[in-house]
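Residue-level structure breakdown
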Amino acid sequence: MQLSRDELIESYRVMRTIRDFEERVHEEFSGGAIPGFVHLYSGEEASAAGICQHLSDKDKIASTHRGHGHCIAKGCDVRQMMLEIYGRGEGLCGGKGGSMHIADLSKGMLGANGIVGGGPPLICGAALTAKYKKTGGVAIAFVGDGGSNQGTTLESYNLAKVWNLPVIFVVEDNGYAEATSSSWSVAGSQMDRAKGFGMPAVQVDGHDFFAVHEAAGEVIERARAGGGPSLMHVILNRFFGHFEGDAMTYRAEGEIARLRKEKDSLKIFRTNATQAGLLEDADMDKVDKEVAGLIDDVVKESEKATPPPLEKLTTDVYVNY
Amino acid sequence: MSKKSYRQAINEAIAQEMRRDENVLVWGEDNAGGTGGDGEQDAWGGVLGVTKGLLPEFGPNRVLDTPISESAFIGAAAGAAATGLRPVAELMFVDFMGVCFDQIFNQAAKFRYMFGGKAVTPMVIRTMYGAGFRAASQHSQALYSVFTHVPGLKVVVPSSPYEAKGLMTQAIRDDDPVIFFENKVMYDDEEEVPDDPYAIPFGEARLTREGDDVTIVAIGRMVGIANQAADELEKAGISATVVDPRTTSPLDVDTIIECVEDTGRLVVVDESHPRCSVASDISSIVAQHAFKALKGPIQMVTAPHTPVPFAPELEDAYVPNPAKIVDAVKVAMA
């Protein structure tokens, strides 16, 4: 599927926004400005951007605790996201969710999730809604290689197939479930697992936006047409630890530096797009500048913003009680 | 108005709400029964027949059998509810919460709060509880206290067919996640139940009788047992108020306090375990808020702190009965 020039620039903007957002959260978290746990998506940008480029608000996604990238790619407001991560009252969830529960249902983003494997069952339900109401929407569950080993994920493969739901399971395999290598913790293979459930599956290089985009287009089209669930095994890398503060002693010496040099999805995008004559460096330089300004602005605002008022402690538990 | 069983009352409430609102869907293990086989469709209508007849009326797009995968299909109810349906999902026996609780208490219950008030999750989980079926430790528990503990969930424990219909109607119309506890021993209990739909509001206790000497608060099936005990007590010249809270979350604290202030004594009857239970919760609330009204020690009549046994003699000894309630009232009166 050929993207227009505007669409390409927009996709690059999504990837650049994710990268700068995460690198800046890393910096600010190290400086003590951000409370709690954060899990960063740097290095994995092409997966969220390539897949979500096919989606609109009627399509639903459920994310993982590494959820900022999925949020940005699904159209969540970056300003409100940063405010949320800072625990501010004007945050996307009023400061009550934080990094691990960031969500915007109006954008079809059903939440990052603090529970590994929490999303796939929810996505089966969202897909049933789409199917029953004939919205034409699809529902996508992102899980990591760690989440791929949860019973909830495997049960959801089965249920999605049995109910013939418009679901795509995206296994973002960054090589590590926390500190444990997926080469050790995943028995069999993601592709064979899908095959065992009778689901079509595709394996893709998650550093290459164009490869992800093309593969996603096919599985999403199949789901929209009533062809049932598919699985994408996206192989990628994370540039940071499992969470911020992780010293990453389980990673090989020089691994991160090598990945940043050789497997940077933004650099790969730029090379591919310019070599194919689709975009010029200047197009992307412009985006880089705009995004840098945006991230600067939202961090400055977040630093100064006020926390939720204390009376919010007890609101929003029920609709009526 | 006609005599209906507890089972029929629940079935009728679901069917009427499905007619009223096309977004109400039903699913669970064998909720139709027979899907994919060559025999009868709607073969079971649920393992004890509560959803029988829904498939023929509403069809397979609205009445779905599921694989035995509680995490997936209970979680799917949360995801469907958050995206516009009003699912009624069945967790067959509440004992099976152990394999799917994350989707209930970490997902469905918390969406609204975590997402800053922007999520609405109108789902009902129907589930069976209770001892007396000789079904032993993993098919007999009364685990409503576990759900009552969780902010974001509403917990309904209906005590009769009339109550079951009105509370199920409210559960389906309610915009929050509701756990609806059906006592499997009561499915064949009958009473007069109106044919037309009606909803009983949550958090409003009912008094099945009013007396002067003691307040007995009882949960679910224990309401009937408490009334039997009250009949016995009446013969001994002791008049009891019996309170059925109907819902343990929200809990009608005001009515319970008022009754205790009138009678000066409290006995709580709960067929669940005694520790961190609805019984201990109600006892502590009364101790905090009506201490000065108490003329005697609060008494709890509960199951012991053990799993549910299998042998009929042991199981009969496990569940509270009228004699145990009468004894407890006498201690409270001493």
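Residues and elements named next belong to chain B. Here we have seven strands laid out as an open sheet, ordered β3-β2-β4-β5-β7-β6-β12, and mixed in their pairing. This sheet does not close on itself; its edge strands, each paired only once, are β3 (63–65) and β12 (247–249). Going from strand to strand, the sheet's axes swing by 20 degrees on average, the running direction of each strand aside. Pairing of strand β5 (residues 124–129) with strand β7 (residues 178–183), which is carried by six bridges, proceeds in the parallel orientation.

Of the residues lining the interface, 36 residues belong to chain A; the matching set on chain B comes to 36 residues. Breaking the side of chain A that touches chain B down by element, the ones donating at least two residues are α5 (119–133) and α6 (151–162) of chain A. When residues of the side of chain A that touches chain B are assigned to their parent elements, the largest contribution, ten residues, is made by α5 of chain A. Grouping the constituent residues of the side of chain A that touches chain B by class yields 18 nonpolar, 13 polar and five charged.

Another point: the domain arrangement of chain B. Quite often, the size of an interface is put as the accessible area lost when its parts meet. Residues and elements named next belong to chain B. Structurally, chain B comprises domain 1 (2–193) and domain 2 (206–333). The distance between the C-alpha centroids of domain 1 and domain 2 comes to 27 Å. Counting residues at the interface gives 25 residues for domain 1 and 23 residues for domain 2. Taken together, the elements giving at least two residues each to the side of domain 1 that touches domain 2 come down to α6 (144–148), β6 (154–156), α7 (161–173) and β7.

This part is about the packing of helix α1 (residues 6–20) of chain B against α7 of chain B. Residues and elements named next belong to chain B. Put simply, α1 and α7 touch, their axes get as near as 8 Å, and they point 25 degrees apart. Compared by their axis directions, α1 and α7 come out roughly parallel. Seen from above, α1 lies across α7 with right-handed handedness. On the side of α1, the interface is formed by Y6, A9, I10, E12, A13, I14 and E17, while α7 contributes P161, A164, K165, M168, T169 and I172.

A separate point is the nonpolar core. Counting residues in hydrophobic clusters, the biggest one holds 191 residues, and the most contacted among them are V167 of chain A together with I216, A226, V267, V269 and I325 of chain B. Counting contributing residues per domain, this core is built from domain 1 (2–193) and domain 2 (206–333) of chain B, each supplying no fewer than three.

Following S249 of chain B, the chain continues into P250 of chain B via a peptide bond in cis, with omega recorded as 0 degrees. One can find P250 of chain B in the loop between β12 and α9 (253–263). The backbone of E178 of chain A sits at a positive phi, close to 55 degrees, despite the residue not being glycine. Tracing the backbone shows E178 of chain A in the loop between β4 (176–177) and β5 (180–181). By C-beta crowding, E178 of chain A is classed as partly exposed, having 14 other C-beta atoms within 10 Å. The phi torsion at R246 of chain B lies on the positive side, around 70 degrees, for a residue other than glycine.

Each value, and the rule that gives it
- Residues numbered from 1 in each chain as written.
- Chains lettered and ligands numbered in written order.
- Predicted model: local features only at pLDDT ≥ 70, side-chain atom pairs only at ≥ 80, totals over all residues.
- Pairing = 2+ DSSP bridges.
- Helix = DSSP H or I, 4+ residues; strand = E, 2+ residues; numbered from the N terminus.
- Axes fitted to C-alpha atoms, helices over the stretch in contact; angles between N-to-C directions.
- Contact = placed C-beta atoms within 7 Å.
- Nonpolar A, V, L, I, M, F, W, Y, C, P; charged D, E, K, R; others polar.
- Domains from an automatic or database assignment.
- Parallel < 35°, antiparallel > 145°, perpendicular 65-115°, else oblique.
- Left-handed = near helix turned anticlockwise from the far one by under 90°.
- Core = buried A, V, L, I, M, F, W, Y, C linked by C-beta atoms within 7 Å.
- Buried ≥ 20, exposed ≤ 12 C-beta atoms within 10 Å, placed from the backbone.

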